[in-house]
Amino acid sequence: MEFSHKSVLLDEVIENLAIRPDGIYVDGTLGGAGHSSAILARLGSDGRLIGIDQDAEAIAAAKQKLKDDPRVTIVKSNFREIRNVLQTLSNPDRGKQEKSAVDQTPPLQPADNNGKIRVDGILLDLGVSSHQFDDRERGFSYHSDEPLDMRMDREQVLTAADIVNNYPQDELKRILREYGEEKYAASIAANIVKIREINPIRTTGELVDIIRVSMPEREKNKKGHPARKTFQALRIECNRELEVLQSVLDDLVDLLKPGGRLAIITFHSLEDRIVKKAFATWENPCICPPDFPVCVCGKKSLGKMDPHRPIVPTEDEIDENPRSRSAKLRVFVRS
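Residues numbered from 1 in each chain as written. Predicted model: local features only at pLDDT ≥ 70, side-chain atom pairs only at ≥ 80, totals over all residues. Heavy atoms only, no water.

Enquirer: Before we move on, could you go through the pattern of salt bridges and cite the residues and values that matter?
Expert: Throughout the structure, instances matching the rule amount to 24 salt bridges. Residue R174 pairs with E178 through a salt bridge whose shortest N-O separation is 2.9 Å. Of this pair, R174 and E178 both sit in helix α7 (residues 169–180), four residues apart, which is roughly one turn of the helix. Overall, the relative accessible area of 27% leaves R174 in the partly exposed class. With relative accessibility at 41%, the residue E178 sits in the partly exposed group. Through salt bridges with shared partners, one network takes in D55, E57, E137, R138 and R154. (Salt bridge = Lys/Arg side-chain N within 4 Å of Asp/Glu carboxyl O. Helix = DSSP H or I, 4+ residues; strand = E, 2+ residues; numbered from the N terminus. Buried < 20%, exposed > 50% of the residue type's maximum accessible area, 1.4 Å probe, protein only.)

Enquirer: With reference to specific residues and values, describe the environment of R118.
Expert: Along the chain, R118 falls in the loop between α4 (82–89) and β4 (119–125). For R118, a relative accessible area of 14% corresponds to the buried category. Along the sequence, R118 and L249 sit 131 residues apart, while their C-alpha atoms lie 15 Å from each other. Among the polar contacts made by the side chain of R118, one reaches the main-chain carbonyl oxygen of D254 at a distance of 3.3 Å. (Polar contact = N/O pair within 3.5 Å; in protein donor to acceptor, adjacent residues only side chain to side chain.)

Enquirer: Provide a residue-level description of the side chain of D149, including the pertinent values.
Expert: As for its position among the elements, D149 is in the loop between α5 (130–134) and α6 (160–166). Setting aside residues up to four positions removed in sequence, D149 forms contacts with E137, R138, G139, T159, A160 and C238. (Contact = heavy atoms within 4.5 Å.)

Enquirer: Which residues make up the sheet that holds strand β2 (residues 48–53), and what are the values?
Expert: Strand order in the open sheet formed by seven strands is β3-β2-β1-β4-β5-β7-β6, with mixed pairing between adjacent strands. Both outer strands of the open sheet, β3 (72–76) and β6 (303–305), are each paired with one neighbouring strand and no more. Direction aside, the axes of adjacent strands within the sheet are offset by 15° on average. As paired strands, β6 and strand β7 (residues 328–334) are joined by three bridges and run antiparallel to one another. (Pairing = 2+ DSSP bridges. Axes fitted to C-alpha atoms, helices over the stretch in contact; angles between N-to-C directions.)

Enquirer: Lay out the nonpolar core with the relevant residues and their values.
Expert: Ranked by internal contacts, the top residues of the largest apolar core, which has 68 residues, are I50, I82, L86, I122 and L207. Looking at this core element by element, the count peaks at seven residues for helix α12 (residues 241–254). When sequence neighbours within four positions are dropped, the list of residues in contact with I82 reads V26, I52, I122, V248, L252 and L255. Y25, A38, I39 and I311 belong to the second largest nonpolar core, which has 26 residues in total. (Core = buried A, V, L, I, M, F, W, Y, C linked by side-chain atoms within 4.5 Å.)

As structure tokens, this is what we get:
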């Protein structure tokens, strides 16, 4: 199917990245290249854009949309590898590397004598693209009966079906409770195990049926789909989403030039909590007791959150794109 995705908070992202015409920008979740196209429109001939995505279908769509633009480098990878990607792009001989995953745009120039790459802005748009939700082969949607997959990178081995059919009951309960904040996690996990002992659970429709019978009737009549939290939890576990986000944040701020900006869009409280905590720690890393007259720990601020509160979609955007409803954009400016 054609790759389609409506970029969330597009104007707000562009405004808060404060794009410099000659800057270097990284879109770590390239998707259909909606945000990237808007960044490119503001770059001059000396600007550079590096787009990273782990989904081969997103890569193909982005290459089609951004084709022949000499300012663009597209890399198939997980954004957790951003430092390695940038270091590879600074290597003039990278085209000779047998397994190189990059195109042949000019090498990036190190920002200092230590050979470190620094960029002017980084964007992460976390979560699932509209294309992934709508593609019936991907298994992200609870609205139709699809293979129980949920892999953002279809080259990885682990699928949601593997989790549902093989994880111990206690582990399933933990995942649903922690990653989905599902209060009926125990009942759902118990029924999953009961059903899979008879036949493997292979489709999203089968899983939705199990979730429905695991809840009291009053819950099924509430606003929102009863399977939403369980599907969120399985997707997070399948793609190691929170683990990846947590592991890369310090790299992201370290890769920014002074004045560089990191913009991250989250779609649920677990992601937003991780981002908010990291930003607050970077802004005020001092660990001295509050009653100390001066700081003696030596930890210096890396910059500031700007603005301090998250940016959320307007009512007009939510009306036009209901999937944007839960989005929050947080921005950090490196000092």
